[in-house]
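# Analysis of the macromolecular model
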Amino acid sequence: MEEDQTVHCMYLESLADKTVIDDYVLKALMEGTFLEVEQSGVTGNHFVQDYSFSSARPEELLQQAVDALLAGQCVLADSAMDRIRLIHAVSLNHRQIEEPKSESTVRGPHEGFTENIDMNVGLIRKRLRNPRLRFEKLSIGDQTRTTVMLAYLDSVAPTFLVREARQRLLAIRTGSVLESAYIEEYIQDQIWSPFPTMTNTEKPDVVTAHLLEGKVAVLVDGTPSALLAPMTFFEFFSSPEDYYQRADIATFIRWIRLFSFFIAVFVPSMYVAVTTFHQELLPTQLLINISAQREGVPLPSLTEVLLMETVFEIIREAGLRMPRAIGQALSIVGAIVLGQAAVEAGLISAAIVIVVAITGIANFVVPTYSFGISQRLIRFSFVLLAGLMGLFGILCGLLFLIAHLISLKSFGVPYLAPAVPVSFSDWKDIFVRVPRPWMNAGSLPRFMQRLKGKK
Amino acid sequence: MFNSGVSGAFTSCEEGTGIISRFQFFLLAVNFILGTTLFVQIQILIEQGKQDAWLMPWWAGAFGIAASLVWIVLHRHYPGKSLAQIPILALGRPLGMAISMLYFLHFCILAGWVLRNLSDFLNGTIMPQTPGVVFYVMFLFVAAFTVAQGVETVARLNQFVTPFLFFPFWFVLLLASKDWSWDRFQPALHTDIWGTILHNHSFLGFPFMETLTLMMFFPHIQKDGAGRSLILGIAAGAVSLSLILYMLIGLLGVERASKLTYPVYTVVQEVSLGEVVENIHSIISVVLLILIFIKTLVLVYGAHALLNQVFRTETNWPFYLAISVLMAASAESIYVNPIQNNEWSSHYTFVYDTFFALVIPGVLLAATRVKNAVQKGRKR
Amino acid sequence: MGTSIASVLMSFFLTACWDKIEMNELALVSMVGMDSDPDTGQKTIYYQVVNPASSVSAKGSPGGDQAPVYTYEISGPSFGEIRSLAYEVLPRKLFVAHYKAIVVSQRAAEQGMRDIINFIEMQPNGRASVPMLVADGPLSPVMRTFTPLERVPADDVESRLKLLTRESLMVGKHIRLKDVDERMQQSRAVVLPIIRERLGNKPQDSGARASEINASIGNLQIEEGAVIQNYRMVGRLNDTDLIWYHLLVGDKGKQAKQFQVNGKRLTLEMEQVRFNRSATCRNNRPLVSIRMDLEISSRLASDYVPQSWNETAQLQKQVSQTITQELEDFYEKTKKKGWDLLEIRETVRSHLPRSGPNFLAGGDWNDVDVSIGVNVQFRRIGSIHKL
């Protein structure tokens, strides 16, 4: 090069990696060795891309340049060589890999996803070194243009499922995608169901395990939560820890979880139904004790239960936002003052405190947080039904719930599989956790196999 | 693409899809037969049959199976079509539609009976102050919702709840058997059962003739399994009834059982689990209510599917509302008091049910045969 | 300057809040009794005040040495004067907002209750929607009786009235002071329950009452009815008459009664489901027709249950005849005593405004025809259907 040429090098400082640009691009330009590193002739080269000024209209070139800048790339506008060159010099700023707070396990890997999607893809790839593991890249959201990846294991996942997931993702029309929950609400099967049909997780080993079962995962840039679909009711009760512990204790814990679900949903309403409609169900001594407790209490049972449940929800919400320093004071206030003192002041009866406490604790046993939310919503409606019609009301509510669950589908899989439709072979991982040698790890669960048959 | 339960109320029922398995239909038939029989008919049977009352369901069941053969043959002529469409195909549109509407009214009246029995039972036992309308509205609402999700949901719901019905009920009956006494069966096998049945023919009509309603499910059963499953279901229902009668006679004795209005409830009331849990009759009564719910569900499905198939409706929720109102009103006004009901039943149930279950299908069958013969003649 | 004006204005708060009163300075009145001596004109009010230290709470019920209520008796020349005289005996400020019943002595009721009603209504924090009862005889034994099971007698009375209204036809809903007031102003009659103290060796203190197993002695009894017309008590109705009265007035309750049908005795539970009362003109005379629909059930029948539709129809007809006859007899009885318990005057006034005034002015009961129609339907059977 003899004459002085002007090359414009543009990049966004917050997104691009200055070190790379200094070391590679600027040095090469100043030393004049740029020509040697041209590799733009190689097709599919994402590191360096060339666009000549005449290849497209100026508006399109400008748009591409702006897109590239926003993606963190460095743009070289070279009027002498009549081209713009895009260099991929994005800086990988991300949080340290640490254990996710809401999914801690005793035994097992403690790595969790970060907000950077490339990092997350790497975490999955290093666990599943299978060339058939596919990641499809999509850009969703007009304003945010967030990168979304659809992950699946090509040999295992049913074609119908992958196609369905891809179609639903492509059909999303929205301005912004900031978290995977945005996407979940668009692609889930039912808007009005209180039950989630997809789960989210921050752990790469969980995602890998599900991918091996033929499920699809959706990763979203900017959030560590990955979505997994399809999910059935009983799968929400299994946590990855079940597979890292022995089979007998894992089975026992599964039963505890299922039992806790029933406690969390039905105990308050059963209490209201039994104490206000069907007192004959209580053993005599308990009946006498409870009515002695209720002698000086002003509120009817139904109002008491609703009031205490609401207070518990308030305490729980407050506890989420509480700075750690005051957390201890709050637990003292919550437990002692609101519970014990209220009983002694004659505002509520002592049995209510026990009922609400057991319900609240049982709520947290289910591993997935979003499932716990549905329990809370259902619990309130059952309490209202019980207050209206006693056991008959609970029965009607239960039949309604069962009918809803039976008709719910998650990406084509019936929600209550394998209980309905019945397939006993799948029960070895739902109600019990059989030891690994018996688990027949090569084949998919029956309900996933049925999806393979679908077109 | 996105399956939504709410949109189920806006689309029409699927036709001929083979999505109910044979086992599911079998369970549906058994639960349908047991439905309100446990609440209404049981004490009449014991009163009439005395200590051999447990033989009566065998005869009645055989009669029911014989009747169902007529329906199965009729169905063979029109595979994939339900009870609503067969009259139209056999007798032409105007007459066929009239007959279909007759069946629709029949279903509504049957549902009225069922719901009224439900409210009589609940008002007489565990919830005396609640007005009956509340029970009708709640059951019809849940039934309409379930039917709106499709016939698959109906069958699966039944399959799902059957173990929760079966095991508690038999467990409690077995617990009650500490009061068992073989003397209550003496003298055994002396009564003329066939004569008793002929004399009290209402048992032949209710509940076995009412299983005609299950014909509305025929198009959806997989691979032509409808006939065998129905016959097996009727047989199993009859055997269950027989066993229950047997247990009741052994536990309560003929005199006491025929005096009580709800002997099943009384048996359950007197059971105690150890010394801690004494009065579990509320829970068991509520569990047995599921049987009544299944019967209501089948009838609501029958009524709705009939309207859907005859008139090819698009938006469905006004029909659910109308059917619910009709059924609730029918329940409120179907009889003045249970004595009147029993008396009417003992005279007219057989005739009424046979008209719908044997006479009309017989006419349709004859018409079909005639039509086929005429067509064959024309071909030659 | 501004700060000093502000501080002067703030000093208003130093004078203490004028209407402020601590809770334990209140006398929580639960029942009020009102008496008036016809000879001397002296008025007496009994205030039954709750003792909070001895009420039941989560800590359990207290021992026997504190009475649950204390009755204060205050006399004066008029009811209004008693308000000032009250603090000669009462140590705490009178708080009547939570009272649950008003009992009027028989002699006060016979003299006329107009000033009693006005006095109660005039109180700013005493509601007029509390039930009113008439004491049988003198008032002080009623106000000085403890009750078993419910420690505060006013709670006992209130809950009994509620149960009686719901489960029987002996007490109606319109026994509140405001109903009495409204009806007296419209020249209608009202029937108030009569309360009396049951005779027998009364336990002398609340501890003895709480430990006495016989709940019948030393207890309050609510039975019969006092007919109030023109602010005065003019007579009584016994329990059977009360049933017919409430049927004729249209109260929708249920009542079990034994009937004689076909020579057999049968206890039926009857419930009024529809009631219609109207007046028309027939042969130039007003005719008041009362139509009621009753549903009967054999839920409580341990003697006989009809077995067939014929028997049921016969039962319905006979019960209908019996009730109609009893109602007509009741009407004749009250007509003779001059009581307008069937609200005939009111019915004629509202349905026949033009021809009505003739009758209303003349006031002769024989100018009005009354026709009573009872339609009985057998609706429910109980757990036993054959005896």
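Right above here is the structure, for reference.
Description of the structure in this document. Residue indices begin from 1 for each chain and proceed along its sequence in written order. By the order in which they are written, chains take letters starting at A while ligands take numbers starting at 1. Only residues with pLDDT of at least 70 are given local features in this predicted model, and only at 80 or more are side-chain atom pairs given and counted; all residues enter the totals for whole chains, interfaces and linings.

Here the focus is the interface of chain C and chain B. Contact between two residues is assigned whenever their backbone-derived C-beta positions fall within 7 Å. On the side of chain B, 13 residues touch chain C, which itself brings 14 residues to the contact. Secondary structure counts use DSSP, requiring at least four H or I residues in a row for a helix and at least two E residues in a row for a strand, with both numbered from the N terminus. Element by element, the count of residues in the side of chain C that touches chain B is highest for strand β13 (residues 369–380) of chain C, at four residues. Only Asp, Glu, Lys and Arg are considered charged, only Ala, Val, Leu, Ile, Met, Phe, Trp, Tyr, Cys and Pro nonpolar, and every remaining residue, Gly among them, polar. Tallied by class, the residues present in the side of chain C that touches chain B amount to five nonpolar, six polar and three charged.

The next thing to look at is the pairing of strand β9 (residues 232–237) of chain C. Of the strand pairs in this sheet, strand β8 (residues 220–229) of chain C and β9 of chain C are connected by five bridges, and their pairing is antiparallel. Residue pairing across strands places I228 of chain C opposite M233 of chain C, the latter belonging to β9 of chain C. Being paired, for any two strands, means DSSP has found at least two bridges between them.

Our focus in this paragraph is the interface of chain B and chain A. Between chain B and chain A, the residue contacts involve 30 residues of the former and 22 residues of the latter. The set of elements that each furnish at least two residues to the side of chain B that touches chain A consists of α7 (132–148), α8 (151–176) and α14 (281–311) of chain B. A breakdown of the residues in the side of chain B that touches chain A according to their chemical character gives 18 nonpolar, 10 polar and two charged.

Residues and elements named next belong to chain C. Among the residues making up helix α4 (residues 114–122), those that are buried are I116, I117 and I120. Buried positions in α4, seen along its axis, are confined to an arc of 95° and lie on one side of it. Looking at α4, the residues exposed on the side facing more than 90 degrees away from the buried face are N118 and M122. For α4, the elements touching its buried residues are β1 (26–36), β5 (101–104), α3 (106–111) and α7 (177–185). Note on burial: count the other C-beta atoms lying within 10 Å of the residue's C-beta; 20 or more is buried, 12 or fewer is exposed, in between is partly exposed, and C-beta positions come from the backbone. Think of it as the arc spanned by the lines of direction from the helix axis to the C-beta atoms.

On to α14 of chain B, then. Side chains of residues three or four places apart in an α-helix project in the same direction, reflecting 3.6 residues per turn. Residue and element names in this part refer to chain B. With 31 residues, α14 extends 45 Å between its outermost C-alpha atoms, agreeing within 8% with the 45 Å of an ideal straight helix rising 1.5 Å per residue. Of all 31 residues that make up α14, 27 are buried, and the element is covered over most of its length. Where α14 terminates, the next one or two residues include R312, which has phi positive at roughly 50°. By this rule, a helix spans an expected 1.5 Å times one less than how many residues it contains.

Time to look at the packing of helix α4 (residues 56–77) of chain B against helix α11 (residues 226–252) of chain B. All names here are of chain B. Orientation is described by axes fitted as lines to C-alpha atoms, over the contacting stretch for helices, and by angles from 0 to 180 degrees between their N-to-C directions. It is at 9 Å that the axes of α4 and α11 come closest, and there the two elements cross at 165°. One element, α4, and the other, α11, form an angle in the roughly antiparallel class. In the packing of α4 onto α11, the handedness of the crossing is right-handed. Along its contact with α4, which presents P57, W58, A60, G61, G64, I65, S68, I72 and H75, the element α11 presents A226, G227, L230, I231, I234, A235, A238, L241, S242 and L245. Looking at the contact of α4 with α11 residue by residue, the classes come out as 13 nonpolar, six polar and no charged. Any angle that is under 35 degrees is reported as roughly parallel, and any over 145 degrees as roughly antiparallel; angles of 65 to 115 degrees are reported as roughly perpendicular and all others as oblique. By convention, the crossing between two helices is left-handed when the near helix turns anticlockwise from the far helix through less than a right angle, and right-handed when the turn is clockwise.

This part takes up the sheet that holds strand β6 (residues 146–153) of chain A. Residues and elements named next belong to chain A. Taken in spatial order, the five strands line up as β5-β6-β8-β9-β7 in an open sheet, and their pairing is antiparallel. With one partner strand each, in any of the chains shown, β5 (133–140) and β7 (199–201) form the two edges of the open sheet. For this sheet, the mean angle separating the axes of adjacent strands, direction not counted, is 25°. Here β5 pairs with β6 via eight bridges, running antiparallel. Residue I140 lies in a different strand from β6, and its bridge partner there is T146. Contacts between helix α6 (residues 204–212) and the sheet are confined to β6, β7, β8 (216–220) and β9 (226–229), with β6 contributing the most and set at about 50° to the helix.

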